[in-house]
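Residues per chain are reported as follows:
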Amino acid sequence: MPDPLKILVPVLLVAEALTVQWAGHAERVPVAPDLNAFPRQIGRWSQLSEISIEPEVQAQLRADRLLDRMYYSGTSAGPVVQAELLVAWFNSQTKGDRQPHSPRVCLPGAGWLPESTSTVRIETPAGQLAATQYIVSKGGFRSAVLYWYQTPRRTIAGEWEAKSWILVDALRDHRTDVALVRIVVPSFNGQDKVATDAAADFARVVYPELRRELP
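What this report covers is the structure whose coordinates are included nearby. Treat the numbers as computed from the prediction; the structure is a model and nothing was measured. (Residues numbered from 1 in each chain as written. Predicted model: local features only at pLDDT ≥ 70, side-chain atom pairs only at ≥ 80, totals over all residues. Heavy atoms only, no water.)

1. Quick word on the overall build of the chain
No. 1: Each helix and strand counted, the chain has five helices and nine strands in total.
No. 2: Beginning at the N terminus, the succession of helices and strands in the chain can be written as α-β-β-α-β-β-α-β-β-β-β-α-β-α.
No. 3: Going through the 215 residues of the chain one by one, you find that 44% of them count as buried.
No. 4: Looking at the chain alone, contacts between residues at least 24 apart form 66% of all its contacts between residues at least 6 apart. (Helix = DSSP H or I, 4+ residues; strand = E, 2+ residues; numbered from the N terminus. Buried < 20%, exposed > 50% of the residue type's maximum accessible area, 1.4 Å probe, protein only. Contact = heavy atoms within 4.5 Å.)

2. Topic: empty space enclosed by the protein
No. 1: For the structure shown, the criterion picks out one cavity of 30 Å³ or more.
No. 2: One number sums up the size of the largest cavity: a volume of about 50 Å³.
No. 3: Residue lining of the largest cavity: Gln93, Thr151, Ile156, Ala162, Trp165, Ile166, Asp169, Thr176, Asp177 and Val178, and that is the complete set.
No. 4: Looking at the lining of the largest cavity element by element, the count peaks at four residues for helix H4 (residues 159–172).
No. 5: Broken down by class, the residue content of the lining of the largest cavity amounts to five nonpolar, three polar and two charged. (1 Å grid on protein atoms, 1.4 Å probe; cavity = no way out; pocket = protein on both sides within 12 Å on 5 of 7 lines; lining within 4 Å. Points joined across faces, edges and corners; volume = space filled by probe spheres on them. Nonpolar A, V, L, I, M, F, W, Y, C, P; charged D, E, K, R; others polar.)

3. Here's the deal with the packing of aromatic side chains
No. 1: Under the defined criterion, the tally for this structure stands at four aromatic pairs.
No. 2: With centroids separated by 4.7 Å and ring planes inclined at 45°, the aromatic side chains of Trp45 and Phe202 adopt a geometry described as tilted. You can see Trp45 sitting in strand S2 (residues 45–50) and its partner Phe202 sitting in helix H5 (residues 192–213), a full 157 residues away along the chain.
No. 3: Using a relative accessible area of 0% as the deciding quantity, one classes Trp45 as buried.
No. 4: Here the aromatic rings of Tyr147 and Tyr149 are separated by 6.2 Å at their centres, their planes lie at 90°, and the arrangement is edge-to-face. Residues Tyr147 and Tyr149 agree in their burial class; the two are buried.
No. 5: In this structure, Arg154 is placed above the aromatic ring of Trp165, and the distance from its NZ or CZ to the ring centre is 3.6 Å. (Phe/Tyr/Trp six-rings, centres within 6.5 Å; stacked < 30°, edge-to-face > 60°. Lys NZ or Arg CZ within 6 Å of the ring centre and 35° of its normal.)

4. As for the pattern of salt bridges
No. 1: By the definition in use, this model includes 15 salt bridges.
No. 2: Arg40 is the salt-bridge partner of Glu50, the closest N and O atoms lying 3.7 Å from each other. Of the two residues, Glu50 sits in strand S2 while Arg40 sits in the loop between helix H1 (4–24) and strand S1 (41–42), which places them ten residues apart along the sequence.
No. 3: The shortest N-O distance in the salt bridge between Asp169 and Arg172 comes to 3.5 Å. Note that Asp169 and Arg172 are positioned in helix H4 at a spacing of three residues, about one turn of the helix.
No. 4: Each of the salt bridges in this network shares a partner with another, and the network as a whole consists of Arg153, Arg154, Asp169, Arg172 and Asp173. (Salt bridge = Lys/Arg side-chain N within 4 Å of Asp/Glu carboxyl O.)

5. Notes on H4
No. 1: Between its first and last C-alpha, H4 extends 20 Å over 14 residues, near the 20 Å set by a 1.5 Å rise per residue.
No. 2: For H4, the complete set of buried residues consists of Glu159, Ala162, Ile166, Asp169 and Ala170.
No. 3: His174 lies just past H4 and shows a positive phi near 55°. (Expected span 1.5 Å × (residues − 1).)

6. Some words on the side chain of Asp169
No. 1: What makes Asp169 buried here is its relative accessible area of 7%.
No. 2: When near neighbours in sequence (up to four residues on either side) are disregarded, Asp169 contacts Thr151, Arg153, Arg154, His174 and Arg175.

7. Side note on H5
No. 1: For H5, which comprises 22 residues, the first-to-last C-alpha distance of 31 Å matches the rise-based estimate of 32 Å (1.5 Å per residue) to within 8%.
No. 2: Of all the bends in H5, the largest measures some 30° and sits at Val206, one to four residues before the proline Pro208. (Bend = angle between axes of the 7 residues up to and from the residue.)

8. Description of the environment of Leu214
No. 1: Topologically, Leu214 is positioned in the segment after H5.
No. 2: Its relative accessible area of 9% is what places Leu214 among the buried residues.
No. 3: On a C-alpha basis, the gap between Leu214 and Asp34 in space is 8.6 Å, while along the polypeptide they are 180 residues apart.
No. 4: Those residues in contact with Leu214, other than ones at most four positions away along the chain, are Pro33, Leu35, Trp89, Gln150 and Ala179.

Everything listed is a geometric property; what it means functionally is a separate question.
Below, the structure is given as structure tokens:
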């Protein structure tokens, strides 16, 4: 007997695509944000460097705006922690080939193997943030990863949930813009909790700024 899910999922995806395409004709595409003006000092975190994104990577991501920047936090009295912030903003998702690439695919594709994954909720001054948390490894290196999908109304931890909201937002707001936000903090000497705590601390102060900067 056929698995109902194997039949239902493709049908739902096709129905969603057709409805979003229909709603997209009346879509109100927002003005693109100036991510170059994103704060270089956020709480106790300071900009360390801008990361140059290779043209072939930009072509693969197909985002309308990109930010890739290193921040650091620390004093002479404590260890210095670095965090990479990647923001890929898309002004519309009504074209299926211009949607955020899932880190679940991109990280393994770059050789990073997931060792644990969970959904976390982080309280911030701008409200609760829902995100996916990873510990990944590659050779002798380990990192803590936090990522989420951010729309004008909410944050979303998972890919399928993010897709399900496209239709709702297209019909209600005539907007489907979204940002993929990813934070990566290296984990040294097996101190994964230190890295995940640092990633959460950085997300806690970054999220309110993203709420102000993104449309």
